[in-house]
Amino acid sequence: MAAAMPSLFETLWRTHEIRPGLVAIDRVMLHERTGAAALRALEAAGRRVVNPAHAFVVMDHIVDTRPGRTDGTLMPGGQAFITETRAAARAFGLTVFDVTDPDQGITHVISPELGIVLPGLTLVAPDSHTGTQGAFGALAWGIGSSEAEHALATGTLRVGKPGAMRVMVSGRLGPGVTPKDLALHLIATHGARGGEGMAVEFAGEAVTALDMEGRMTLCNMATEFGAFSALVAPDEVTFAWLAGRRHAPKGAMWEQALAHWRTLRSGPDAAFDREIAVDAAEVQPMVSWGTSPQHSVPLRAAVPTAAEAGLAPDTHARALAYMGLRPGQPLRGLPIDGAFIGSCTNSRLSDLRRAAAILKGRRIAPTVRKALVVPGSQAVKRAAEAEGLDRIFEAAGFAWRESGCSLCFFAGGESFGAGERVISSTNRNFESRQGPGTRTHIASPEVVAASAIAGVIASPAELA
Amino acid sequence: MPEPLVRLTAPALPFWADNIDTDIIIPSREMKGTGKTGLAAGLFANRRYRNPETREEDPDFPLNQPAYRAARIWLAGANVGCGSSREHAAWALAEQGFRAVIAPSFNPIFFGNCVRNGIVPVVLARELVEGLGSPVTVDLEAMTVTGADGRAHPFGLPAEARTMLMEGLDPIALTLKDGDAIAAWQQADRAARPWAWLA
Ligand code: SF4
């Protein structure tokens, strides 16, 4: 009798394990925030990049996203990160997606667009949300800058083996319920450390029914679940999405890759260290109330008490004090000052389409001081413009930006204001994430769009 | 490369809320240079200074108190180093002179960043962390932490991390010793997965 077929994670791990604790790395991605430091440290040590064709450098984190941008940044001193990263990357012969490059965008958005991530690969980047790319059945995870040096110099990483976890999502998400809501539901239910140390495979009917963009959103948020990485088994949806991408294999090599990729799934009796079951029908549109993605509730709910939220009273009190909220206060109807659609969570074409469908023919409330939409990549931006989405956003009162991380995080330059309440399609509502003292509520792009119009946190269903 | 560390006795900074994220350790606005240095003054900037711009100190923050100014060990709460994976958190701590962080649990990325930068990450039960006082001794030979009351508490560390910290080793040098095994894997992989190779 054949041994039980292992989990997808186990297969990926075994394929890349050179010896216990030493894993081969197929792709390394760097960004300008830490790229120069990593590359210059290599240079100073007299080391080389072992396979420059497998390393890609992206200008995404601190680049200006205002139209007509140059190397200049709103972050004081930011320009040096860009110019020094560029110079170091060129000296090592690495591919750079530069500020004005037509392929520029957020690392986790452009990597799939260009076929840099592929099923079955290991891919690392010095960025927490690298697990986003696990949506393609690759083992992708975030590393530190010194680890990036290590991966570049040796083609390997020293890394302890994570556990294997499966989140089985049965049924289908209801109308108006998005992968972002599914992720927030999972994190709110099982905690921001629910997936800690785990390679989390998302499986089940509700997951396979998602398009690639939805799968990326789900895997992106696994970081906020504490996961080491996230995975979705590749299938025909994945292959169709990747076919013809720039760095994807072509011709006979594509066929060979496909044959390999079709074996990449967990066996029916594969062992997992932990399994969680989620009923997709129970998931509702969500919004965060506090300062961790775990602090999320259904949009129709009220701010929970410490007991309802399952939090230590001081943690709960601190979050509420920061957010300027009281237990029992309904989330819907809270006046907002700003709105942000963007980030590697929700800045792809389908996200923009869904938000634009709500904004079409409407205008944001005059009390919403700042509303931005930042496409995840130049490719997304071009595709959106070809459909006229930019005009819908601008007519509604949103500023249409160049691609990048933008106000997903406060880099020291542009920000929302202190005490301002912002509805945001991003992944983190930490204190001061979008500016010193800014109060961030995370939600799906459609909830962001609806709230911007209403001027208060609102569901798309409530718009007149 | 970090200095080898076998045994260290030093003042221990008590700053132990749970979930102290890397942005509290070093706010993004403090990451001004492109390198690994010039970060110490930004360590804990939002808590350490009343006004981070003018660097006016907050006398209530323990690092600003005489007993802890020379702290080289940090006593923290659970899930320390969560949030952004920025390695600047470990760089800032190292530059300030910290050689150990003692906490009930660590964010895994931060844990690794500590080891790589010569900082011993010590996992110890919450009640023990809170009872250590100052000074504290971290002993990598005995694998114990000793508090101000002289009581020693054992702790664990992966063998490789311990070697690196004790010998001040750079992980790249360590891995390159395995060059033959890596080359053999690559050769076999080029045959098995040619589609995975771009050059
Ligand atoms: S969009 Fe936000 S979460 Fe994503 S990589 Fe950029 S800063 Fe990180």
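Residues numbered from 1 in each chain as written. Chains lettered and ligands numbered in written order. Predicted model: local features only at pLDDT ≥ 70, side-chain atom pairs only at ≥ 80, totals over all residues. Heavy atoms only, no water.

What follows deals with the sheet that holds strand 19 (residues 439-442) of chain A. All names here are of chain A. Spatially, 17-16-15-18-19 is the arrangement adopted by the five strands of the open sheet, whose pairing is parallel. Across the chains shown, the open sheet's two edge strands, defined by having one partner strand only, are strand 17 (399-400) and strand 19. Bridging between strand 15 (residues 338-341) and strand 16 (residues 370-373) involves four bridges; their strand directions are parallel. Residue pairing for strand 16: Gly-338 is matched across the bridge by Lys-370. (Pairing = 2+ DSSP bridges. Helix = DSSP H or I, 4+ residues; strand = E, 2+ residues; numbered from the N terminus.)

Counted under the stated rule, the structure contains 16 aromatic pairs over all chains. Of the aromatic side chains, those joined through ring pairs into one cluster are Phe-239, Trp-254 and Trp-261 of chain A together with Trp-195 of chain B. For the cation-ring pair, Arg-245 of chain A lies above Trp-241 of chain A, with the distance from its terminal atom to the ring centre recorded as 3.8 Å. The ring of Phe-416 of chain A carries the charged tip of Lys-370 of chain A above its face, separated from the ring centre by 5.9 Å. (Phe/Tyr/Trp six-rings, centres within 6.5 Å; stacked < 30°, edge-to-face > 60°. Lys NZ or Arg CZ within 6 Å of the ring centre and 35° of its normal.)

Bringing the domain arrangement of chain A into the picture now. Residue and element names in this part refer to chain A. Domain boundaries in chain A define domain 1 (8-158), domain 2 (163-282) and domain 3 (290-462). A straight line from the C-alpha centre of domain 1 to that of domain 3 covers 28 Å. Counting residues at the interface gives 24 residues for domain 1, matched by 25 residues for domain 3. For the pairing of domain 1 and domain 3, the buried interface totals around 1,900 Å² over both sides, and the portion due to carbon and sulfur atoms is 58%. Where domain 1 meets domain 3, there are zero salt bridges. Our enumeration of links across domain 1 and domain 3 arrives at 12 residue pairs in polar contact (both at pLDDT 80 or more). (Domains from an automatic or database assignment. Contact = heavy atoms within 4.5 Å. Buried area = accessible area lost by both parts, 1.4 Å probe. Salt bridge = Lys/Arg side-chain N within 4 Å of Asp/Glu carboxyl O. Polar contact = N/O pair within 3.5 Å; in protein donor to acceptor, adjacent residues only side chain to side chain.)

All names here are of chain A. By nearness alone, every residue bordering the ligand is listed as His-61, Ile-106, Asp-127, His-129, Ser-343, Cys-344, Cys-405, Cys-408, Phe-409, Asn-427 and Arg-433. Of the residues that constitute the shell around the ligand, the class distribution is five nonpolar, four polar and two charged. Split by domain, the residues of the shell around the ligand number at least three in each of domain 1 (8-158) and domain 3 (290-462). (Near = heavy atom within 4 Å. Nonpolar A, V, L, I, M, F, W, Y, C, P; charged D, E, K, R; others polar.)

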